[in-house]
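Residue-level structure breakdown
Spelled out from the first residue to the last, the chains are:
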Amino acid sequence: MFSTVRVLFITLFVALLALSGCQTAPPKGLTPAQIAVLKQQGFALTDEGWAFGLSGKVLFGSDVESLNPASTEIVQRIGKALLGVGIERVRIDGHTDASGKETYNQQLSLRRAKSVATVLTGVGMKEQNIQLRGLGSSEPVASNDTAAGRTENRRVSIVVIAD
């Protein structure tokens, strides 16, 4: 009887130890595998997180908010790659050139970010895990004095923030 109680006690104690190991918080930040996929997909580490600048890759025409088929494929590929390594939260920053009124540009940039978000939700990312920002013409990457510069400024960035 005494040895049965002892075995039962030891078994329960070991079970409690095993379960307490399951209660540890997951590590913060990105794993090496996640970082490798971000780099492979063309993301670069910035002050705000890992960013995929769609300038030069996913550009919008003047006063256009929808993605063309080639840009849609790029965003789908990125979304699938992120989800494949457990990255489920992103921020999408929409931008415009400096043509037109700033209030209109801010709204247009937000619609551009939404068009990218729609593609990401289409590949399985949850809408509540996508933060949208419309930055208008406030953060140009090129001069708005030339047509080429304005083209570069009509863009969207996908940003992964490591918690």
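The protein is annotated in an unreviewed UniProt entry as Peptidoglycan-binding protein ArfA of Pseudomonas extremaustralis. Its UniProt record, at the heading Subcellular location (unreviewed entry), says of the protein: "Cell outer membrane".

**Focus: the packing of helix 3 (residues 69-84) against helix 4 (residues 102-122)**
Relative to each other, helix 3 and helix 4 sit at 50°, their axes nearing to 9 Å. Classed by the angle they form, the pair helix 3 and helix 4 counts as oblique. For the pair helix 3 and helix 4, the sense of crossing is right-handed. Touching T72, V75, Q76 and G79 of helix 3 are V116, V119 and L120, all from helix 4. Here the residues of the contact of helix 3 with helix 4 sort into 4 nonpolar, 3 polar and no charged.

**So, the sheet that holds strand 5 (residues 156-160)**
Reading across from one edge, 1-2-5-3-4 is the order of the 5 strands in this open sheet, with mixed pairing throughout. Looking along the sheet, the strands with just one partner apiece sit at the ends: strand 1 (44-46) and strand 4 (130-134). Between one strand and the next, the sheet's axes are offset by a mean angle of 30°, whatever the strand orientation. Relative to strand 5, strand 2 (residues 49-53) runs antiparallel, the two sharing 4 bridges. Among the inter-strand pairings, A51 is bridged to a residue of strand 5, identified as V159. Sheet strands in contact with helix 4 are strand 3 (90-94), strand 4 and strand 5, and its direction is about 155° off that of strand 4.

What counts as what
Residues numbered from 1 in each chain as written. Predicted model: local features only at pLDDT ≥ 70, side-chain atom pairs only at ≥ 80, totals over all residues. Heavy atoms only, no water. UniProt positions renumbered as here; feature names shortened; annotations may be inferred. Axes fitted to C-alpha atoms, helices over the stretch in contact; angles between N-to-C directions. Helix = DSSP H or I, 4+ residues; strand = E, 2+ residues; numbered from the N terminus. Parallel < 35°, antiparallel > 145°, perpendicular 65-115°, else oblique. Left-handed = near helix turned anticlockwise from the far one by under 90°. Contact = heavy atoms within 4.5 Å. Nonpolar A, V, L, I, M, F, W, Y, C, P; charged D, E, K, R; others polar. Pairing = 2+ DSSP bridges.

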